[in-house]
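Structural overview for review
The lines below spell out each chain.
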Amino acid sequence: ELQSALNDVVKESPDDLEKPQTNRSREFMLAMSQGSKKSTKLNELPTPLQTLTMEELRCLWAIGEVLANPPAFKKLDSYSQLSLFCVSLMRNLLDKRNNNDSTGDTAKSVNAMPSYVGGRMLTSQKKSSSNLEEGKAKFDSIASAGCLSALMSDCQMLLVKSCRPVGEKFSWDSARSIGLPFWLRSQKELVSIAEEIAQTIYKDTRNVMDCALYYIAMRNMKKLKAIAATDRSESGKKFFKFISDHDFSSDRGRNSAEKNAYSLLRKRKYASAASFFLLAEPPMIKSAVDVIRLQLQDTSLAFFVARLIENAMKSRAPTGDGLTIGGGFSLSSMGGGGGFAGSGGNTIDVGEET
């Protein structure tokens, strides 16, 4: 309806309008130029649309784009179709927003969405000593209705394939944006995607500490050691020696892991701190999840890590009395600080302070 309304707006010759610099239609440029000083004719929207904000116009146009170029719904059930529609809508909105951001460096520096690689917060804003603690981080994600529909779907593997970035492996940003940790039921597929994310991170950064959280949560220490052995940075060498020299099920190993975790917290290396909390056997789940949720402000990552840990612990969870969570894992084994940090153990420095 938006496009049909826009088609009736301009009766003049198309030459009276500025020619778009992209392959967008004239109607698209008309809607998206609301408030622009470039052309008064581009502001002549129909009366019902003149009261809408720019964000509302973008949303309406994004819906039209999805309807005009629908994703591949073939073989998907109705729940997956709704979820895939939400994913496509989100990506169309981001595409328009990113195009606008690329034309205004000033606006981009002020309104950039915070993100991070391997748990290190990144933003195009000017860095300050407290920028990791000010405000709440916001991440792009599909509507909650899309997540719920995906959870109820009977063809989740097809949905995952449809949501996968074309020709690429999943990154954490792409997995988080579709809400994957909250709806994917298959633990095997969840672990497989975690592997993809960890590989993508290490390929991009060549820093073992950036992907360590995922491998430790999966309890894939063999792969983690293999990757750490290839990291020739000073922090990589120290980390490789640390995980090779310690038995983290012993008091000494748990002590060293926790002392390093608190040392990293003081340096605001939050993802690395969470990794060290999880190194201990049994892992200090509550401490690690609290760091991710409160310091990295990423609830999706906290839930993702918790699921990976639960899956890894199920096969070897001890049986016994007491309150337990998934697979008989005892809550009494959760770490929360205290008892270890005060005695013995060595502390390593895994990188420069940020």
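Structural data are supplied above this passage.
Residues numbered from 1 in each chain as written. Predicted model: local features only at pLDDT ≥ 70, side-chain atom pairs only at ≥ 80, totals over all residues. Heavy atoms only, no water.

This part takes up the packing of aromatic side chains. Counted by the stated rule, this structure contains seven aromatic pairs. Judged by centre distance (5.9 Å) and plane angle (70°), the rings of Phe239 and Phe276 are edge-to-face. A residue pair is termed long-range when its members are at least 10 positions apart, and Phe239 in helix 14 (residues 234-245) and Phe276 in helix 16 (residues 270-279) qualify at 37 residues. Each residue in the set Phe239, Phe242, Phe248 and Phe276 is aromatic and connected to the rest through ring pairs, giving one cluster. (Phe/Tyr/Trp six-rings, centres within 6.5 Å; stacked < 30°, edge-to-face > 60°. Helix = DSSP H or I, 4+ residues; strand = E, 2+ residues; numbered from the N terminus.)

A few words now on helix 16. Within helix 16, ten of the ten residues are buried, which leaves it mostly tucked inside the rest of the structure. When we look at burial in helix 16, the residues that qualify are Tyr270, Ala271, Ser272, Ala273, Ala274, Ser275, Phe276, Phe277, Leu278 and Leu279. As for helix 16, its buried residues are in contact with helix 12 (208-218), helix 13 (221-230), helix 14, helix 15 (251-266), helix 17 (285-295) and helix 18 (299-314). (Buried < 20%, exposed > 50% of the residue type's maximum accessible area, 1.4 Å probe, protein only. Contact = heavy atoms within 4.5 Å.)

Okay, the nonpolar core next. Among the nonpolar cores identified, the biggest contains 70 residues, and Ile197, Tyr214, Phe239, Leu279, Leu301 and Phe304 are the most heavily contacted of them. Sorting elements by how many residues they give to this core places helix 12 first, with ten residues. (Core = buried A, V, L, I, M, F, W, Y, C linked by side-chain atoms within 4.5 Å.)

With that settled, consider unusual backbone geometry. With an omega of -5°, the peptide bond between Glu281 and Pro282 qualifies as cis. Tracing the backbone through its elements, the reader meets Pro282 in the loop between helix 16 and helix 17. The residue Lys75 is not glycine, and still its phi comes out positive at about 75°. Among the structural elements, Lys75 can be located in the loop between helix 4 (54-68) and helix 5 (78-102). Exposure remark for Lys75: the relative accessible area of 67% places this residue in the exposed category. Unusually for a residue other than glycine, Arg268 sits at a positive phi of about 65°. Its location among the elements puts Arg268 in the loop between helix 15 and helix 16. The class of Arg268 is buried, set by a relative accessible area of 16%.

On to the pattern of salt bridges. Once their charged atoms are close, side chains differing in charge can pair, the charge on each being opposite to the other. Tallied over the entire structure, the rule returns nine salt bridges. Arg58 is the salt-bridge partner of Glu55, the closest N and O atoms lying 2.7 Å from each other. One end of the pair is Glu55 and the other is Arg58, both in helix 4 and three residues apart, which spans about a single turn. Assessed through its relative accessible area of 15%, Arg58 is described here as buried. Linking Lys223 and Glu195 is a salt bridge whose minimum nitrogen-to-oxygen distance equals 3.7 Å. On the criterion of sequence distance, the pair formed by Lys223 in helix 13 and Glu195 in helix 11 (residues 187-205) is long-range, its members being 28 residues apart. Among the residues examined, Lys223 registers a relative accessible area of 29% and is labelled partly exposed. Shared partners join several salt bridges into a network, and the residues in it are Asp173, Arg176 and Asp298. (Salt bridge = Lys/Arg side-chain N within 4 Å of Asp/Glu carboxyl O.)

Attention shifts here to the packing of helix 16 against helix 17. One way to put it is that helix 16 packs onto helix 17 with a least axis distance of 8 Å and a crossing angle of 165°. Taken as axis vectors, helix 16 and helix 17 run roughly antiparallel relative to one another. Like other packed secondary-structure pairs, helix 16 and helix 17 cross with a definite hand, here left-handed. Listed contacts from helix 17 to Tyr270, Ala274, Phe277 and Leu278 of helix 16 are Ile285, Ser287, Ala288, Val291, Ile292 and Gln295. Among the residues making up the contact of helix 16 with helix 17, the classes are represented as eight nonpolar, two polar and no charged. (Axes fitted to C-alpha atoms, helices over the stretch in contact; angles between N-to-C directions. Parallel < 35°, antiparallel > 145°, perpendicular 65-115°, else oblique. Left-handed = near helix turned anticlockwise from the far one by under 90°. Nonpolar A, V, L, I, M, F, W, Y, C, P; charged D, E, K, R; others polar.)

We now examine the side chain of Ser275. Relative to the helices and strands, Ser275 is located in helix 16. Other than its neighbours up to four places away in sequence, Ser275 contacts Ala212, Leu213 and Ile216.

Remember that the coordinates give geometry; whether it matters functionally is a separate question.
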